[in-house]
Amino acid sequence: MNIVKKILLVSAIIFIAIQFIQPAHNKSDQLLASDISQIVTTSDSVRALLKNTCYDCHSNNTIYPWYSNIQPMGWLMAKHIKNGKEALNFSEFGSYSSRRQLSKLNGIANSIRDDIMPLRSYKLMHKNSQFSASQMELLINWAQQSKDSLSAK
Amino acid sequence: MMKNIILGLAMAATSLAVCNSNNRSIEYLKMNKDLQLKSTVNNTSLMTSSVADAKITVSIKEILNDYLQMKNAFTEDNSTGAATAGKKLEAAFKKFDKSALTAAQKKTYEDVEADAVEHAEHIGANGGKIEHQREHFELLSKDIYDLVKAFGGGQVLYKDFDPMYNNGKGAFWLSETKEIKNPYMGKAMLTSGSIKEEIK
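Residues numbered from 1 in each chain as written. Chains lettered and ligands numbered in written order. Predicted model: local features only at pLDDT ≥ 70, side-chain atom pairs only at ≥ 80, totals over all residues.

Trainee: Can you walk me through the sheet that holds strand 3 (residues 194-199) of chain B in this structure?
Mentor: For sheets, the rule is that strands pair by backbone hydrogen bonds, running either parallel or antiparallel. All names here are of chain B. Taken in spatial order, the 3 strands of this open sheet run 2-1-3, and their pairing is antiparallel. Each having just a single partner strand, strand 2 (171-175) and strand 3 make up the two edges of the open sheet. Taken over all neighbouring pairs, the strand axes of this sheet differ in orientation by 25° on average, direction set aside. Where strand 1 (residues 157-162) meets strand 3, 5 bridges bridge the pair, whose relative direction is antiparallel. Directly across from D160, in strand 3, lies its bridge partner I195. Sheet strands in contact with helix 4 (residues 130-151) are strand 1, strand 2 and strand 3, and its direction is about 55° off that of strand 2. (Pairing = 2+ DSSP bridges. Helix = DSSP H or I, 4+ residues; strand = E, 2+ residues; numbered from the N terminus. Axes fitted to C-alpha atoms, helices over the stretch in contact; angles between N-to-C directions. Contact = placed C-beta atoms within 7 Å.)

As structure tokens, then:
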């Protein structure tokens, strides 16, 4: 057996072996009392946009694509989801202090306006996740209004 | 016989009186001791609270210094300078000595800290993107203002207001000087804005 064959064989074995290490899935159908929709007014269109474009990494419920079952893709996604939820979790929005809720809404509007979110890699893998100009405006206005209504409280 | 009785009574009376005065003086001594004790207790609690206050002032001072350094970097449109100050500020918040705080103070501090650290982190990580940094600076300024209002700043500060930032919604910042230097506009409109409050 020559060296090339050996390397191929070893990589194949490693590839098969890592398939058995599956990260835990981020799945929950429960609507928590701390969900953003329970804290501020969200129209159907805003909710649909958030769900479709943000919730995969910023909520307790990810819709997994087929390739998430192949490692190391699944691991990479798990890491993205962990970081995303740490920065902002729409399912647990109500657990933030009012100070942080305002900060988060501000951050949502800014990162959409500055095209920081959704991430480029996410847009690459999810067609239709690029906001149109009117969708951007809808979400930014929603974040702004939510902020005003929370600070009036 | 009669003499004896009188003498006896007199003796009894004096001994009673002596006893009484003895008792009283003991009581007096006791009271005095209590008072002394109380005053020493008062003194120590006064001392520990002023030591605690001094500790808080030192920690706040460090946070303020880093914040003001960041503010000054923004007035010069210096994005990397602001980032450096952001990293310092994050560290200053994290090393704040919370042991000196009462339960209520701790709650106030931790509320501000959770938010401010995040802003400092973002400003620290986004050197080169000054507009993004300024967005965080606006919210950070509110956190620092609340902190100073709750714990004192240990120095005279000015709350300045820029009516144009944020699509005309306006934003404020804290400054150590009376002269207006606008961190949101930088060199483009350095002197726009006005003093809203003097915090002593």
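Back to the write-up after that little detour.
Trainee: For this particular structure, what's the right way to read unusual backbone geometry?
Mentor: Trans peptide bonds make up the majority, and among non-glycine residues the majority have a negative phi. Cis rather than trans, the peptide bond between Q71 of chain A and P72 of chain A has omega equal to 10°. By the secondary structure assignment, P72 of chain A is in the loop between helix 4 (55-58) and helix 5 (73-87). Residue M117 of chain A is joined to P118 of chain A through a cis peptide bond whose omega torsion reads -10°. Mapping P118 of chain A onto the fold places it in the loop between helix 6 (98-113) and helix 7 (120-125). In this structure, D115 of chain A is a non-glycine residue whose phi angle is positive, near 60°. Inspection of the secondary structure puts D115 of chain A in the loop between helix 6 and helix 7. Unusually for a residue other than glycine, D77 of chain B sits at a positive phi of about 55°.

Trainee: Can you walk me through the nonpolar core in this structure?
Mentor: Side chains of nonpolar character tend, in soluble globular proteins, to be buried together. Judged by nonpolar contacts, the single largest core of 34 residues is most densely connected at I63, Y67, M70, A82, L89, F93 and I144 of chain B. Those elements that place two or more of their residues in this core are helix 1 (2-75), helix 2 (79-95), helix 3 (103-125), helix 4 and strand 2 of chain B. (Core = buried A, V, L, I, M, F, W, Y, C linked by C-beta atoms within 7 Å. Buried ≥ 20, exposed ≤ 12 C-beta atoms within 10 Å, placed from the backbone.)

Trainee: Can you walk me through the interface of chain A and chain B in this structure?
Mentor: Size of an interface, as often reported, equals the accessible area lost when the parts are brought together. Residue-level contacts link 7 residues of chain A with 7 residues of chain B. Looking at the side of chain A that touches chain B residue by residue, the classes come out as no nonpolar, 4 polar and 3 charged. (Nonpolar A, V, L, I, M, F, W, Y, C, P; charged D, E, K, R; others polar.)

Trainee: Help me understand the pairing of strand 1 of chain B, please; the structure alone is not making it clear to me.
Mentor: Bridge analysis of strand 1 of chain B against strand 2 of chain B gives 5 bridges, and the strand direction is antiparallel. Bridging from a neighbouring strand, F161 of chain B pairs with F172 of chain B of strand 2 of chain B.

Trainee: Explain the packing of helix 3 of chain B against helix 4 of chain B here, please?
Mentor: Each packed pair of helices is defined by two parameters, the angle between the axes and the distance between the axes. Residue and element names in this part refer to chain B. Relative to each other, helix 3 and helix 4 sit at 155°, their axes nearing to 9 Å. Taken as axis vectors, helix 3 and helix 4 run roughly antiparallel relative to one another. Classified by chirality, the crossing of helix 4 by helix 3 is left-handed. Along its contact with helix 3, which presents T108, V112, D115, A116, H119, A120, H122 and I123, the element helix 4 presents Q133, H136, F137, L139, L140, D143, I144, D146, L147 and A150. Across the contact of helix 3 with helix 4, the residue classes tally to 10 nonpolar, 5 polar and 3 charged. (Parallel < 35°, antiparallel > 145°, perpendicular 65-115°, else oblique. Left-handed = near helix turned anticlockwise from the far one by under 90°.)

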